[in-house]
Amino acid sequence: MTTKHTEVVSHDDDKPVIEQIDNINTELPPHPDLEDGNTNTKKKTANNQLDEAQEILARSGHVEYTQEDNKRVLRKIDIFVCIPMCIVYCIQQLDKGAVAQGAVFDLRESTGLKGSQYSWLNSIVYISQLVCQPLSSYALVVFPVKYWVMFNFISWSIVTICSAAAKSFAGLMVARLLLGAFEATILPSFVFITQMWWTRREQSYRTVAYQIANSLASLFGPLLAFGVGHVKSGIKPYQGIFICMGGLSLAMVPLVWYLLPNSPTTAKFLRKGDDRLIALERLKENQTGTKSSTWKRNQVWETYRDPKTYMWAAMYLCTATPSGGIGSFSGLILKGFNFDSFQTTLMHMPTGVIGILTLWIGIWFTNKFKARWIVILIITLAPIAGATAICRLPRDNTAGLMASFYIAYILAGIQPLLYSWANLNAAGTTKRVVTFSTMFVFQCAGNIIGPQVYFEREAPYYYTGLYVDIGCWSVLVLLIIAMRIYLAQLNKKQAAKRAAIGMPAELKDMSIMTIQEAEVYKNELTEHMKVNGLDQAKLYENAFDDMTDFE
């Protein structure tokens, strides 16, 4: 059975694209087993979790729901999906940052680290992530997301605790290598989960939510280290930090296990009434499906024919290099402003608050002015100014150096907003996974490079590292502008196609509208389609097919 329909695809942060698609197979797949207590079928195995959203809706028919129904279901999704994601993301950053907290409390001296060995303790995490990324990408497609995330969560928690036993460079390197291997899947998994559960309009806020949790780690990490640093129990402070943070991580496992579901089609918290149908119906406007467990080589090939893939990759390299360097050496930079270990730990805490405020303000301006690229660009200018000031100010100007350091830490808002921007420009399960895995590879590369340009011989000034960071941010500014121009050109090319099928030439991006604005615009769009003899349902006819944005 074939049909002809239109599909909404986002090629721009401001305007989605309508493409004409012919000869799409719309025959329903065989009925899969459901993991739901309301059915009499057995639970699915790990390898046959197909995207059954289209079949569920086809069997049940179109479901009408009110704004109150939508809010109720969304509230459940936020509790059972967003909250555990935030917990895991915060804990991951705490565990990964434990070595940086330990460095403030003389980890390097206690373990006999010399030269660039401390830099390698930070770089090895991302080398390991880089090597393990292909496995993580494949596992995201063929395994239930929840179980894959939980396996890695438990594993890196145990590794963090065991890191306390390492008393030499070799022992620490092994522990950090294993930590990176188990953490490799978390960011790609969360991008994937976000696209699976929330509409495009909602994704920005949820992405920011778990990135804010990342910033919370910068707030609570130093606080935990400050407390543990006072313990005199026969172990060294850095060992206590590893044990404390790893133990906290392991303690969160039961809560995350209870909350986190696999997918909208199997989540147990959606059993009541029409909640599951509403959750699936909401996702139609995304045109990206929920999940397919089939690895599609044609989507891999398409990913690497898409110029956007390489542009995003370059942007992440330029973002991650400074982030990796400053993230690893921020405590040592602060200690160089004439603070002792405990003072340094306390002075580091405001960086978490800065990250949170930057993200909230950034997303507010994005939705206020209906544009992402200009907000990201302006935020990128702040760390350029801050890092330049750190390099120029005299070392006895502690107040000026601190102010410059905090301004530079606005960098915490760049990466999450880039994720939000990139999220809107990929469809198809395999293509989404491969796209973000590629970006993650370049992010790892940046995090590997970042600590290596902070030379021990330059401590505590680290001028070479700061100059490299300034250069990366400057290139990022140019890339942001180039991406915006390219996306605008793509949208312009599609305007004629939209007009040819009766759609408005210029379409607005509902992902950065309020709910009320989106409803008004939907009504306007529906009326326009009626005038041109089009049925609005055609927009969503193949919403759950595993199709890419090109298709």
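Residues numbered from 1 in each chain as written. Predicted model: local features only at pLDDT ≥ 70, side-chain atom pairs only at ≥ 80, totals over all residues. Heavy atoms only, no water.

Observations regarding the overall build of the protein chain
Moving on, step 1. A count of helices and strands for the protein chain gives 22 helices and 2 strands.
Moving on, step 2. Burial analysis of the protein chain (551 residues in total) assigns 61% to the buried set.
Moving on, step 3. Here the contacts in the protein chain between residues at least 6 apart in sequence split such that 82% fall between residues at least 24 apart. (Helix = DSSP H or I, 4+ residues; strand = E, 2+ residues; numbered from the N terminus. Buried < 20%, exposed > 50% of the residue type's maximum accessible area, 1.4 Å probe, protein only. Contact = heavy atoms within 4.5 Å.)

A look at the packing of aromatic side chains
Moving on, step 1. Applying the stated criterion to the full structure yields 24 aromatic pairs.
Moving on, step 2. Taking 5.3 Å as the distance between ring centres and 85° as the angle between the ring planes, the aromatic pair formed by Tyr118 and Phe329 counts as edge-to-face. Linking Tyr118 in helix α5 (residues 117–142) with Phe329 in helix α14 (residues 307–335), this pair joins segments that are 211 residues apart in sequence. Of the two residues examined, Tyr118 and Phe329, each falls in the buried class.
Moving on, step 3. On the numbers, 5.7 Å between centres and 45° between planes, the contact of Tyr454 with Tyr462 is tilted.
Moving on, step 4. In this structure Tyr454 comes out as buried when scored by relative accessible area, which is 2%.
Moving on, step 5. Given the relative accessible area of 1%, Tyr462 is considered buried.
Moving on, step 6. Members of the aromatic cluster, connected to one another through ring pairs, are Tyr118, Phe329, Tyr454 and Tyr462.
Moving on, step 7. Positioned over the ring face of Tyr118 is Arg108, at 6.0 Å from the centre of the ring.
Moving on, step 8. Positioned above the aromatic ring of Phe455, the side-chain terminus of Arg457 is 4.4 Å from the ring centre. (Phe/Tyr/Trp six-rings, centres within 6.5 Å; stacked < 30°, edge-to-face > 60°. Lys NZ or Arg CZ within 6 Å of the ring centre and 35° of its normal.)

Some words on the side chain of Lys146
Moving on, step 1. Inspection of the secondary structure puts Lys146 in helix α6 (residues 145–162).
Moving on, step 2. Within polar-contact distance, the side chain of Lys146 engages the backbone oxygen of Leu260 at 3.3 Å.
Moving on, step 3. What Lys146 contacts, discounting residues up to four positions off in sequence, is Trp257, Leu260, Pro261 and Asn262. (Polar contact = N/O pair within 3.5 Å; in protein donor to acceptor, adjacent residues only side chain to side chain.)

Comments concerning the environment of Thr319
Moving on, step 1. As for its position among the elements, Thr319 is in helix α14.
Moving on, step 2. Using a relative accessible area of 5% as the deciding quantity, one classes Thr319 as buried.
Moving on, step 3. C-alpha separation for the pair Thr319 and Ala412, spaced 93 residues apart in sequence, amounts to 9.7 Å.
Moving on, step 4. When neighbours within four sequence positions are excluded, Thr319 is seen to be in contact with Ile414, Gln415, Leu418 and Leu476.

Focus on the pattern of salt bridges
Moving on, step 1. Summed over all chains, the structure comprises 8 salt bridges.
Moving on, step 2. In this structure, Arg108 and Glu456 form a salt bridge, with 3.1 Å as the shortest nitrogen-oxygen distance. With Arg108 in helix α4 (residues 107–111) and Glu456 in the loop between α20 (429–452) and α21 (463–500), the pair connects residues that are 348 residues apart, well separated along the chain.
Moving on, step 3. For Glu456, a relative accessible area of 37% corresponds to the partly exposed category.
Moving on, step 4. Counted as one network, the salt bridges with shared partners bring together Asp69, Arg72, Lys76 and Asp275. (Salt bridge = Lys/Arg side-chain N within 4 Å of Asp/Glu carboxyl O.)

Details of the packing of helix α9 (residues 200–229) against helix α16 (residues 350–369)
Moving on, step 1. With their axes 7 Å apart at the nearest point, α9 and α16 run at an angle of 165° to one another. Accordingly, the angle class assigned to the pair α9 and α16 is roughly antiparallel. Handedness of the α9/α16 crossing: right-handed. Listed contacts from α16 to Ser204, Tyr205, Val208, Gln211, Ile212, Ser215, Leu216, Ser218 and Leu219 of α9 are Thr351, Gly352, Val353, Gly355, Ile356, Leu359, Trp360, Ile363 and Asn367. (Axes fitted to C-alpha atoms, helices over the stretch in contact; angles between N-to-C directions. Parallel < 35°, antiparallel > 145°, perpendicular 65-115°, else oblique. Left-handed = near helix turned anticlockwise from the far one by under 90°.)

Describing the UniProt feature "transmembrane region" (unreviewed entry) in the protein chain
Moving on, step 1. Mapped onto this structure's residue numbering, the UniProt feature "transmembrane region" (unreviewed entry) falls at residues 178–198, 210–228, 240–260, 310–334, 346–365, 371–391, 403–422 and 461–487.
Moving on, step 2. Note that residues 403–422 is 75% helix and 0% strand, and that its end C-alpha atoms are spaced 31 Å apart. (UniProt positions renumbered as here; feature names shortened; annotations may be inferred.)

Side note on a nonpolar patch on the surface
Moving on, step 1. On the surface, Val353, Leu357, Ile361, Trp364, Phe365 and Phe369 cluster together to form a nonpolar patch covering roughly 600 Å² of accessible area.
Moving on, step 2. Examined against the element boundaries, Val353 turns out to sit in helix α16.
Moving on, step 3. The partly exposed category is assigned to Val353, whose relative accessible area is 37%. (Patch = residues over 30% accessible without salt bridge, like charges linked within 9 Å, V, L, I, M, F, W, Y side chains within 5 Å. Areas by Shrake-Rupley, 256 points an atom, 1.4 Å probe, with all protein chains shown as cover.)

Topic: the packing of α14 against helix α15 (residues 341–348)
Moving on, step 1. Interaxial distance between α14 and α15 falls to 9 Å at its minimum, and their mutual angle equals 120°. Comparing their axes, α15 and α14 come out oblique. Regarding α14 and α15, the two cross each other, and that crossing is right-handed. Residues Ser330, Gly331, Leu334 and Lys335 of α14 lie in contact with α15, whose contacting residues are Ser341, Thr344, Met347 and His348.

Description of the nonpolar core
Moving on, step 1. Ranked by internal contacts, the top residues of the largest apolar core, which has 133 residues, are Tyr118, Phe190, Trp197, Met315 and Trp421.
Moving on, step 2. Two domains share this core, each providing at least three of its residues, namely domain 1 (62–286) and domain 2 (296–501).
Moving on, step 3. Once residues within four sequence positions are removed from consideration, Tyr118 is found in contact with Val99, Ala100, Ala103, Arg108, Leu113, Ser328, Phe329 and Leu332. (Core = buried A, V, L, I, M, F, W, Y, C linked by side-chain atoms within 4.5 Å. Domains from an automatic or database assignment.)

What to know about helix α7 (residues 169–183)
Moving on, step 1. Compared with an ideal rise of 1.5 Å per residue, which puts 15 residues at 21 Å, α7 spans 21 Å between its outermost C-alpha atoms and is within 8% of the ideal.
Moving on, step 2. Among all positions in α7, only Leu172, Met173, Ala175, Arg176, Leu179, Gly180, Phe182 and Glu183 are buried. (Expected span 1.5 Å × (residues − 1).)

As for the environment of Thr464
Moving on, step 1. If you trace the backbone, Thr464 turns up in helix α21.
Moving on, step 2. Taking the C-alpha atoms as reference points, Thr464 and Tyr454, separated by 10 residues in sequence, lie 6.5 Å from one another.
Moving on, step 3. Those residues in contact with Thr464, other than ones at most four positions away along the chain, are Val453, Phe455 and Glu458.

Quick look at unusual backbone geometry
Moving on, step 1. Of note, the bond from Ala459 into Pro460 is cis; its omega dihedral lies within 30 degrees of zero at 0°.
Moving on, step 2. Within the element layout of this structure, Pro460 appears in the loop between α20 and α21.
Moving on, step 3. Non-glycine residue Asn338 carries a positive phi angle of around 75°.
Moving on, step 4. Unlike most non-glycine residues, Tyr462 shows phi in positive territory, near 55°.
Moving on, step 5. In this fold, Tyr462 is placed in the loop between α20 and α21.

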